[in-house]
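Geometric and topological summary
So you can see what is in the structure, the chains are spelled out below.
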Amino acid sequence: MKGNSKQSDSYENHLSTSSEGELFRELVEHLRLNRASLREEWAGRIHKAGLLTAMSREEVFTEATEIFDNYIQALETGNVKDLQAYARDLSRRIIHRGVEIHEVLGIVLLLRDVLARSLFKKYHKNLELLNRMLDAYEPAANRIANTVGVSFVEQRERIIRRQQKAIQILHIQEEERKRISRELHDEIGQVLTAVNTQLALLQRDCVGGEREPLFKTEIADVEKLLVGVIDRMHSFARDLRPAALDDLGLMPALRSYLKDYAERTGLLVRFERASRDMQLSSEQKTTLFRIAQESLTNVAKHAQATEVVVTLGLVKGGVQLRIKDNGKGFAVKQQCSAPESKRLGLLGMQERVCLVNGCCTLQSAPGRGTTVTVEIPLASMRAPESTSSLSLERNESSRAY
Ligand SMILES: Nc1ncnc2c1ncn2[C@@H]1O[C@H](COP(=O)(O)OP(=O)(O)O)[C@@H](O)[C@H]1O
Ligand SMILES: [Mg+2]
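Note that the coordinates shown come from a computational prediction; the quantities given were computed from them, not determined experimentally.

Parameters and conventions
- Residues numbered from 1 in each chain as written.
- Chains lettered and ligands numbered in written order.
- Predicted model: local features only at pLDDT ≥ 70, side-chain atom pairs only at ≥ 80, totals over all residues.
- Heavy atoms only, no water.
- Helix = DSSP H or I, 4+ residues; strand = E, 2+ residues; numbered from the N terminus.
- Buried < 20%, exposed > 50% of the residue type's maximum accessible area, 1.4 Å probe, protein only.
- Contact = heavy atoms within 4.5 Å.
- Areas by Shrake-Rupley, 256 points an atom, 1.4 Å probe, with all protein chains shown as cover.
- Salt bridge = Lys/Arg side-chain N within 4 Å of Asp/Glu carboxyl O.
- Donors = N, O, S within 2.8 Å, 3.2 Å for Na, K, Ca; no water.
- Core = buried A, V, L, I, M, F, W, Y, C linked by side-chain atoms within 4.5 Å.
- Expected span 1.5 Å × (residues − 1).
- Pairing = 2+ DSSP bridges.
- Right-handed = clockwise from strand over helix to strand, strands pointing away.
- Near = heavy atom within 4 Å.
- Polar contact = N/O pair within 3.5 Å; in protein donor to acceptor, adjacent residues only side chain to side chain.
- Nonpolar A, V, L, I, M, F, W, Y, C, P; charged D, E, K, R; others polar.
- Phe/Tyr/Trp six-rings, centres within 6.5 Å; stacked < 30°, edge-to-face > 60°.
- Lys, Arg positive; Asp, Glu negative; His and termini not counted.

Time to look at the overall build of the protein. A tally of helices and strands in the protein yields 13 helices and six strands. The buried share among the 401 residues of the protein stands at 45%. Across the protein, the fraction of contacts at a sequence separation of at least 24, relative to all contacts at a separation of at least 6, is 75%. Summed over its atoms, the accessible surface of the protein is roughly 21,600 Å², and 52% of this surface lies on carbon and sulfur atoms.

Let us look at the pattern of salt bridges. Counted according to the given criterion, the structure contains 21 salt bridges. In this structure, Glu-212 engages Lys-216 in a salt bridge whose closest nitrogen and oxygen atoms are separated by 3.7 Å. Pair noted here: Glu-212 and Lys-216 are both in helix α8 (residues 212-240), with a separation of four residues, about one helical turn. Residue Arg-238 pairs with Asp-260 through a salt bridge whose shortest N-O separation is 3.2 Å. Placement of the pair is Arg-238 in helix α8 and Asp-260 in helix α10 (residues 250-265), with a sequence separation of 22 residues. Three or more residues joined by partner-sharing salt bridges are found here, namely Glu-174, Glu-175, Lys-178, Arg-241, Asp-246, Arg-290 and Arg-352.

Next up on the list: the coordination of the magnesium ion (ligand 2). On the protein side, the magnesium ion (ligand 2) has Glu-294 (OE) and Asn-298 (OD1) as donor atoms, found 2.1 to 2.3 Å from it. With Glu-294 and Asn-298 both in helix α11 (residues 282-303), this residue pair falls four residues apart, about one helical turn. In this structure Asn-298 comes out as buried when scored by relative accessible area, which is 19%.

Residues Trp-42, Leu-75 and Tyr-137 are the most contacted members of the largest nonpolar core, which totals 52 residues. Of all elements in the fold, only α2 (21-33), α3 (35-48), α4 (57-77), α5 (81-94), α6 (101-123) and α7 (127-205) reach the threshold of two or more residues within this core.

Another aspect to go through is the environment of Leu-355. As for its placement among the helices and strands, Leu-355 is situated in helix α13 (residues 344-355). Separated by 71 residues in the primary sequence, Leu-355 and Gln-284 have C-alpha atoms spaced 9.5 Å apart. Not counting residues within four places of it along the chain, the set of residues in contact with Leu-355 comprises Gln-163, Ala-166, Ile-167 and Leu-170.

Moving on, we get to α2. Here α2 spans 18 Å end to end across 13 residues, near enough to the 18 Å set by a 1.5 Å rise per residue. Turning to α2, its buried residues number three or more, namely Gly-21, Leu-23, Phe-24, Leu-27, Val-28, His-30 and Leu-31.

This part covers the pairing of strand β1 (residues 268-273). Of the strand pairs in this sheet, β1 and strand β2 (residues 307-315) are connected by six bridges, and their pairing is parallel. Bridge pairing in β2 links Phe-271 to Val-310. Remark: the β1/α11/β2 crossover connection has left-handed handedness.

Turning our eyes to something else, we now look at the site of ligand 1. Around ligand 1 sit 14 residues, and of these Asn-298, His-302, Asp-325, Arg-343 and Leu-346 come closest. Asn-298 places a polar side-chain atom, nitrogen or oxygen, 2.9 Å from an oxygen atom of ligand 1. Here an oxygen atom of ligand 1 sits 2.9 Å away from a polar atom, N or O, in the main chain of Leu-346. Contact with the protein chains covers 81% of the free accessible surface of ligand 1, which is 530 Å². Tallied by class, residues from the shell around ligand 1 come to four nonpolar, five polar and five charged.

Moving on to the packing of aromatic side chains. In the structure shown here, the tally under the stated rule is two aromatic pairs. Centre to centre, the rings of Tyr-257 and Tyr-261 are 6.3 Å apart; their planes meet at 20°, and the pair counts as stacked. Taken as a pair, Tyr-257 and Tyr-261 lie in helix α10 at a separation of four residues, close to a single helical turn. Tyr-261 carries the same exposure label as Tyr-257, and that label is buried. Arranged with centres 5.5 Å apart and planes meeting at 75°, the rings of Tyr-257 and Phe-289 form a pair that is edge-to-face. Remark: Phe-289 occurs in helix α11 and Tyr-257 occurs in helix α10; sequence separation between them is 32 residues. Each of the two residues, Tyr-257 as well as Phe-289, counts as buried. An aromatic cluster is defined as three or more aromatic residues linked by ring pairs; in this entry it consists of Tyr-257, Tyr-261 and Phe-289.

So, on to the pairing of β2. Here eight bridges tie β2 to strand β3 (residues 318-325), and the two strands are oriented antiparallel to one another. By the bridge assignment for β3, Thr-311 is matched with Arg-322. In this structure, the hairpin formed by β2 and β3 is closed by a connection of two residues, where Gly-317 is found at a positive phi of approximately 80°.

The next subject is the side chain of Glu-375. Tracing the sequence through the fold places Glu-375 in strand β5 (residues 370-377). No salt bridge is formed by the buried Glu-375. Its closest oppositely charged neighbour is Arg-322, at 5.8 Å. Within the structure, Glu-375 has its side chain in polar contact with the side chain of Gln-320 (distance 2.8 Å).

Honestly, that's just the spatial picture; any functional story needs more than this.
Right, dumping it as structure tokens:
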């Protein structure tokens with residue numbers, strides 16, 4: 001950032017010492033007066049150039065408006081700090097959605113072009129003035145484009161490094177769970193089953209003697225306890241990391257989890273799934289399974305629902321998982337502004353989905369049930385290199401969280 005603050009200093013110096021101060025004031029005035037039409041033209045050209053496709057048109061327009069105002073302010077004051085801060089904030093919001101460097105540079109260069117054209121339109125009858133105007137405008141515009149570009153690249157690198165670290169940690173965690181789950185299932189499970197067999201033998205052999213009925217009841221009790229423990233251990237091992245997820249795939253793992261969940265909770269569970277096979281990477285499978293697990297745990301814990309529908313299918317460019325309950329629902333906005341410690345499950349889901357460049361939406365309102373929707377682009381698993389074409393509609397009661 002040191003390089004940039006130097007740039008911004010020299011830019012301010014340039015402004016204060018240059019005789020073009022007047023020209024700049026006129027330029028800024030012109031951009032302010034034509035704010036609405038220029039902004040619209042710019043947003044239209046962003047769309048036409050196929051940039052920021054991971055964002056909806058409304059989102060692009062909102063950001064374009066903010067950038068436009070920050071841009072004019074930077075031109076006016078010569079101070080690019082606000083624009084820099086805005087670029088960093090924007091990067092934080094859009095990078096995980098797969099927006100790439102060329103797109104951000106592209107939109108800044110398009111803005112520079114839209115503004116230069118408007119200057120041409122205004123001053124083309126006075127070429128001398130037009131030239132002076134462009135001479136004053138171009139270096140400033142270049143510095144601004146450079147500032148935004150550098151901010152974006154730096155932020156992107158930081159985010160990618162953090163993402164890679166988080167992916168690594170999650171991977172280690174899943175591997176550890178896999179190991180414990182196998183150990184529980186194979187080692188301890190076998191020992192417990194052997195103990196059960198021994199008990200059955202004891203039950204058979206302890207005939208004769210006056211204490212036989214007592215022994216038989218006691219052995220039967222221990223057997224019952226043991227069967228309970230074996231059952232719980234298996235379901236614990238499955239929760240930790242279902243072997244089916246690695247051995248058979250997401251669909252069978254989910255089906256088996258849902259069957260177990262329905263028995264455990266007494267909820268009516270419907271599973272609607274795509275008939276076509278999905279090619280999912282290990283991270284994608286794990287993410288979708290963990291989201292289903294956390295959402296369903298929330299339904300059992302908080303929703304007081306009678307029914308839950310789980311849908312897994314393909315949508316344009318990706319895979320979609322939806323968990324919809326008919327429970328009491330909750331105020332999403334309020335919950336999202338609660339302290340982080342009070343919504344670790346929801347936050348964890350969001351973070352997991354971000355790591356595979358996906359998007360997570362929560363729709364709920366008191367008395368109207370809750371729907372969690374997750375979309376993950378299928379084309380690529382490369383962290384933020386990919387351009388996702390997914391965009392989720394949002395309304396009052398829904399929120400990407
Ligand atoms: N399906 C749901 N139905 C009703 N309320 C829910 C549901 N899912 C989440 N919530 C609300 O959101 C809160 C935060 O959820 P979460 O982050 O998973 O934390 P936790 O489950 O540990 O409370 C819950 O305490 C609950 O109030
Ligand atoms: Mg929870």
